[in-house]
Amino acid sequence: MSRYEEAKKIYAAMGVDTDKAIEALKNVTVSVHCWQGDDVVGFDSGEELSGGIQTTGNYPGKATTPAQLMQDIDKAFSLMPGKKKLNIHACYAIGENIDRSDLKVEHFKPWVDFAKEKGVGIDFNPTFFSHPMVKDGLTLSSPDDEVRKYWIKHGQCCVKLSQYFAEETGVPCVMNIWIPDGFKDIPADRLAPRARFKDSLDEILSVPYDKSKVYITLESKVFGIGLEAYTVGSAEFALSYADYKGITPLMDNGHYHPTEMVSDKISSLLLFNEKIALHVTRPMRWDSDHVVLFDDETKEIAKEIVRNDALDRVFIATDYFDASINRISAWVTGIRNVHKALLFALLQPNDKLKALQEANDMTALMVLQEELKTAPLGDVWNEYLASEGMKNDYLEDILAYEKDVLLKR
Ligand code: RNT
Ligand code: ZN
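Everything numeric in this text was worked out from a predicted model, so none of it was measured.

## As for the overall build of the protein
Helices and strands together make up the secondary structure of the protein, namely 14 helices and 12 strands. For the protein, the C-alpha radius of gyration of 21 Å lies close to 22 Å, the compact-globule estimate for 409 residues. Along the first, second and third principal axes, the C-alpha set of the protein runs to 70 × 55 × 40 Å. Burial analysis of the protein (409 residues in total) assigns 56% to the buried set. Counted over contacts in the protein with a minimum sequence separation of 6, partners at least 24 positions apart contribute 80%. Charge-centre separation for the protein: the mean point of 47 positive side chains lies 2 Å from the mean point of 64 negative side chains.

## Observations concerning the site of ligand 1
Ligand 1 sits among 13 residues. The nearest are His 89, Glu 219, Lys 221, His 255 and Asp 319. Lys 221 is positioned with one of its side-chain polar atoms (N or O) 2.7 Å from an oxygen atom of ligand 1. Note that an oxygen atom of ligand 1 is positioned 3.4 Å from one of the side-chain N or O atoms of Asp 287. In the complex, 99% of the free accessible area of ligand 1, which totals 300 Å², lies under the protein chains.

## Observations concerning the coordination of the zinc ion (ligand 2)
Distances from the zinc ion (ligand 2) to its protein donors, Glu 219 (OE), Asp 252 (OD), His 279 (ND1) and Asp 319 (OD), fall within 2.1 to 2.2 Å. Here the zinc ion (ligand 2) binds six donor atoms, and the angle range of 71 to 169° at the metal identifies the geometry as octahedral. Positions of the donor residues of the zinc ion (ligand 2) along the chain correspond to the pattern E-x32-D-x26-H-x39-D. Here Asp 319 lies in the loop between strand 12 (314-318) and helix 10 (327-346) and His 279 lies in strand 9 (residues 276-280), a separation of 40 residues in the sequence.

## Some details on the pattern of salt bridges
One pass over the structure, following the stated rule, counts 25 salt bridges. For Asp 397, the salt bridge goes to Lys 75, with nearest N and O atoms at 2.8 Å. One end of the pair, Asp 397, is in helix 14 (residues 395-404); the other, Lys 75, is in helix 3 (residues 66-78), with 322 residues separating them in the sequence. For Glu 117, the salt bridge identified is with Lys 118, shortest N-O distance 3.7 Å.

## A short note on the nonpolar core
Counting 127 residues, the largest nonpolar core has Trp 111 and Phe 165 as the members making the most contacts within it. Not counting residues within four places of it along the chain, the set of residues in contact with Trp 111 comprises Phe 43, Leu 69, Met 70, Ile 73, Leu 86, Ile 88, Tyr 92, Ile 94 and Ile 122.

## Some points on helix 4 (residues 109-118)
Taken together, the buried positions of helix 4 are Trp 111, Val 112, Phe 114 and Ala 115. Buried residues of helix 4, seen end-on, are gathered within an arc of 160° and therefore sit on one face of the element. For helix 4, the elements touching its buried residues are helix 3, strand 2 (83-89), strand 3 (121-125) and helix 5 (145-169). Downstream of helix 4 by a residue or two, Gly 119 has a phi angle that is positive, lying close to 70°.

## Topic: the environment of Ile 186
Turning to its location among the elements, Ile 186 is positioned in the loop between strand 5 (182-183) and helix 6 (191-204). Note: C-alpha distance between Ile 186 and Ala 229 (43 residues apart in sequence) is 5.6 Å.

Definitions and cut-offs
- Residues numbered from 1 in each chain as written.
- Chains lettered and ligands numbered in written order.
- Predicted model: local features only at pLDDT ≥ 70, side-chain atom pairs only at ≥ 80, totals over all residues.
- Heavy atoms only, no water.
- Helix = DSSP H or I, 4+ residues; strand = E, 2+ residues; numbered from the N terminus.
- Rg over C-alpha atoms; globule rule 2.2 N^0.38 Å.
- Buried < 20%, exposed > 50% of the residue type's maximum accessible area, 1.4 Å probe, protein only.
- Contact = heavy atoms within 4.5 Å.
- Lys, Arg positive; Asp, Glu negative; His and termini not counted.
- Charge placed at Lys NZ, Arg CZ, Asp CG, Glu CD.
- Near = heavy atom within 4 Å.
- Polar contact = N/O pair within 3.5 Å; in protein donor to acceptor, adjacent residues only side chain to side chain.
- Areas by Shrake-Rupley, 256 points an atom, 1.4 Å probe, with all protein chains shown as cover.
- Donors = N, O, S within 2.8 Å, 3.2 Å for Na, K, Ca; no water.
- Tetrahedral: all angles 85-135°; square planar, octahedral: opposite > 155°, others 65-115°.
- Salt bridge = Lys/Arg side-chain N within 4 Å of Asp/Glu carboxyl O.
- Core = buried A, V, L, I, M, F, W, Y, C linked by side-chain atoms within 4.5 Å.
- Arc of directions from axis to C-beta.

This is the structure we're talking about:
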């Protein structure tokens, strides 16, 4: 009997159908962030990364041109199982003298061609950072009309571009808004910047768009580097705004106090929103954007999505950037871990576990949950990879690519 058949029997004894789990996983789309490939630099401004986020490390071989980034994404995609979308930022516009307040479809045509060639949809993000029009660290909440207007126009262009991506690829586009605006130290007025942010968002969303093609999401954050005291786009702001405008809230699991867990927040948001969105990342003490691992919180997030039957209601995207290790490996490891966590979640006897809770049999619940941790997930994972034409070991392949391509740049 093969290891998979053996594993299948073990799971079946616990009431879990491994074939079904694999089939379900094959239908999950993960939106892959392009910015792991070039340390969130982009092509349009030549500015250093700003906005309270930071990449550290200088591992060789970073992509510095659109062609190189696409080549690396192509390589990374070839090692990632499952359905994918390509998640790009406005700063990845391609062309000369790009003005973020006047972005045009031609600046993104190469990305559309690339996505079509790969058979994937595109998700999009206006880029409200790393740019000279960010004044005093502020964008859509700036007291300076000129600054605010510039970024409103940027957001409006991005809404139109998002619809263009959806129409070109035939896949709805998720457009995520995140602004870095905030203060290092105690502000005197917390309300006015939030009121301006609200008005700016209202103006951006006044652009007509087809809600079946474009899903606008709003990402909150509790603090950033140099923005320790206050962020304009706090969790309460983002949730309230999403509710008020009927857009989709986005939770990044690096954007909360370290003892707050996104896994615990998912069910509440699912009760009050048709769709929700996630940036899956790995915080470490602060919003550190480390590569996603197969760790407890990633598993718990996956469990919340699966056992609440919400795989088709949650937009799952990754968001991390590590410049200290091979960037392709960082990409592939993180995305594979999202899938692995989802598989782990799909292999839980959820009805049984829920029934134990309802019966207040917390003793049996703990014992079974612990037993499940060491069930033969690895054998089912290998079967899933094989069904996607992949194997568990990807390092060798990546090191060959590093030698042949990355180190020659
Ligand atoms: C920043 C947010 C945001 C960015 C990307 C690049 O803290 O998480 O999502 O990481 O847009
Ligand atoms: Zn994020």
